[in-house]
Amino acid sequence: MAVRIDTRYTERFVTKEQVSAMQPRIASAHEQLHSGTGLGNDFIGWLNLPTDYDKEEFARIKQAAAKIRSDSDVLVVIGIGGSYLGARAAIEYLKSPNYNLATNGGPQIFFSGCNISSDALNELFMLCEGKRVSVNMISKSGTTTEPAIAFRAFKKYMEERYGKDGARERIYCTTDRAKGTLKALATTEGYETFVVPDNVGGRFSVLTAVGLLPIAAAGVDIDKLMEGARLAQNELCDTDIEKNPCYKYAAVRNALYEAGFSTELLVSYEPAFQMMNEWWKQLYGESEGKDTKGIFPASAIFSTDLHSLGQYIQDGARILFETVCVFDQPKQQRVIEDDPANVDGLNFLTGMTMDEVNKKAFAGTVLAHVDGGVPNIALNIDTWSESDLGYLIYFFEKACAISGYVLGVNPFNQPGVEAYKKNMFALLGKPGYESQKAELEARLAE
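Keep in mind that this is a model prediction, so the values were computed, not measured.

Caption draft 1: Local environment of the overall build of the protein chain. Check the secondary structure of the protein chain and you find 16 helices and ten strands. Relative to the 2.2 N^0.38 estimate, which gives 22 Å for 446 residues, the radius of gyration of the protein chain is 23 Å and therefore close to what a compact globule would have. In terms of principal-axis extent, the alpha carbons of the protein chain reach across some 60 × 60 × 55 Å. Summarising the internal contacts of the protein chain: among those between residues at least 6 apart in sequence, 78% fall at separations of at least 24.

As C-alpha cells, then:
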C-alpha cells in the first residue's frame, strides 16, 4: 500500500483495546458508506470516482490543458474552498511551492476568487500584463460572492484585451451540468465547459474536472493521478482496521478524540506539503465540525514551525495529537559538504544527506512530543509521484467519511458555512435581506 500507518506513539494514550473497541463502529460506518444508507448519501459520488468517471470529459480536460499550455503564459483559476484548494495542493506537491518561478514549459498558475481583497486582485492583473492569459472559472452556481466578483472583473479584462471571440477561446468554466447562473452564461457566450458532478461535494472534488484541469495545465500526468486513486479504491475496502490503514487512521483519531484530544495537527517535514495541509483542513473541518462535535483540524510544517509552535505543542494544553506525513524519499537528495574551518561546528554531519538529518529531526521530535503528552500517528508515504498522491487523496477522503459516520454527523453537508453569508448579504443590502440589516447594524454599534 502506498500509505502505511504507524500508531505505536499513540499506545500510551489510547490502548490497543480501546482502538479495537472502535471496530464495530468502523464496520457500521463502512456499511453506511458503501450501501449508500448513511447521512448525505446523495454526495458519495467520489467513492467510486476513480473507476466511474466521464472518460470523454477526461479526454477533453487533457486537450484543454494542452491548449492552455501551448497558448498561455498565465492561467488564472477562479474558485474558493474545494474549487481551488485541491488543485493548488496537487500542483505544489508534485511540482513545487515555487512552481510559478520555474514552470518548465507550462503557464504560471495563479488562484483568485478565494478572498475579497482588492489588493490581491489588482496585483494579479499587474502580473498578467504583457502575458497571454487564460481563465478557468470554477463554481457550481456562479453566484458565490468571492469567485463571482473576481470572474466579473476577469471577464471584462479578457473581452477588452482579446475581444468577445478571443475571450471565448480562453475562458473555461467548470460548473453544473445543466443549471445555474454560470452554466447559462457559459452556454450563451460559448465557453468550453466541464462538469462539477451533482453527487460530489466541493471538498471531495479534486479528482473531478474541478481539480484535474488546472492540475493537467501544470503538466501533471492526470492518468497516473487517477491510477493511484483507483489503487486506493481497490485496496482500502477491508473492514478489519488491522488490515486497512485508512480505517485504522479513522479508528485511532476517533479513539484519541474520545480520550480528550480534540485538536489534530497535520504535520509534514516538507514545505511542498503546505497546501495539502490546507486542503486537508477544509476536508475535515467542513465534514466533522457539526452538532458541537468534531476534531479541530490544524497544521504545521516542521522543522520550520517547531520554532514558532513547538513550545506550545511541547508544554501547552494537552488537547493536541499529531498526524505526521513522512516520505520515504525526497524528490532530490542533497549531501552536506565539509567546511575546512568548521565555523558552525556541523562537520559531524559531513557526508550525510539533508533527508537523513530531516528524518532524525522527525524521530527526535516524535519522542519529545510523546514524552510531553502529545500522541503521534505517522503516515508513511512511498514517493512524491502522481500515483501516490492520487492514493493519498483517496485515503484522506475515505478516512474522513468513515470518521464522520463514527462521530455521528453527516460528513457531506456544511450548514454552518451559510451563517456568515447571510449576515454579509444583509449588511451589504442584498435584496431580500432588508429585515436583518437593521438588526445586525444595531448589534455592531453596541
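Caption draft 2: Quick look at the pairing of strand β8 (residues 296–301). Burial analysis of β8 places five of its six residues in the buried class, the great majority of the element. Relative to β8, strand β7 (residues 263–268) runs parallel, the two being bridged by six bridges. Paired with serine 268 across the bridge in β8 is isoleucine 301. Handedness of the crossover is the feature at issue here: the chain leaves β7, passes through helix α11 (residues 274–288), returns alongside β8, and the resulting connection is right-handed.

Caption draft 3: Here's a closer look at the pairing of strand β10 (residues 376–381). Of all the six residues making up β10, six are buried; the element is thus mostly covered by neighbouring parts of the structure. Going residue by residue along β10, you find Asn376, Ala378 and Asn380 tucked away on one face and Ile377, Leu379 and Ile381 tucked away on the opposite face as well. Examined bridge by bridge, strand β1 (residues 3–6) and β10 share four bridges and lie antiparallel to one another. Looking at the pairing, arginine 4 lines up with asparagine 380 of β10. One crossover worth recording links strand β9 (residues 320–327) to the parallel β10 by way of helix α13 (residues 354–371), and it is right-handed.

Caption draft 4: Just empty space enclosed by the protein, in detail. What the rule picks out here adds up to one cavity of 30 Å³ or more. Of the pockets and cavities examined, the largest cavity occupies roughly 120 Å³. Lining the largest cavity we find 13 residues, and of these Tyr269, Val326, Phe327, Asn358 and Lys359 sit closest to its centre. Elements with a minimum of two residues in the lining of the largest cavity: β9 and α13. Ranked by the residues each element gives to the lining of the largest cavity, the list is headed by α13, at four residues.

How each quantity is defined
Residues numbered from 1 in each chain as written. Predicted model: local features only at pLDDT ≥ 70, side-chain atom pairs only at ≥ 80, totals over all residues. Heavy atoms only, no water. Helix = DSSP H or I, 4+ residues; strand = E, 2+ residues; numbered from the N terminus. Rg over C-alpha atoms; globule rule 2.2 N^0.38 Å. Contact = heavy atoms within 4.5 Å. Buried < 20%, exposed > 50% of the residue type's maximum accessible area, 1.4 Å probe, protein only. Pairing = 2+ DSSP bridges. Right-handed = clockwise from strand over helix to strand, strands pointing away. 1 Å grid on protein atoms, 1.4 Å probe; cavity = no way out; pocket = protein on both sides within 12 Å on 5 of 7 lines; lining within 4 Å. Points joined across faces, edges and corners; volume = space filled by probe spheres on them.

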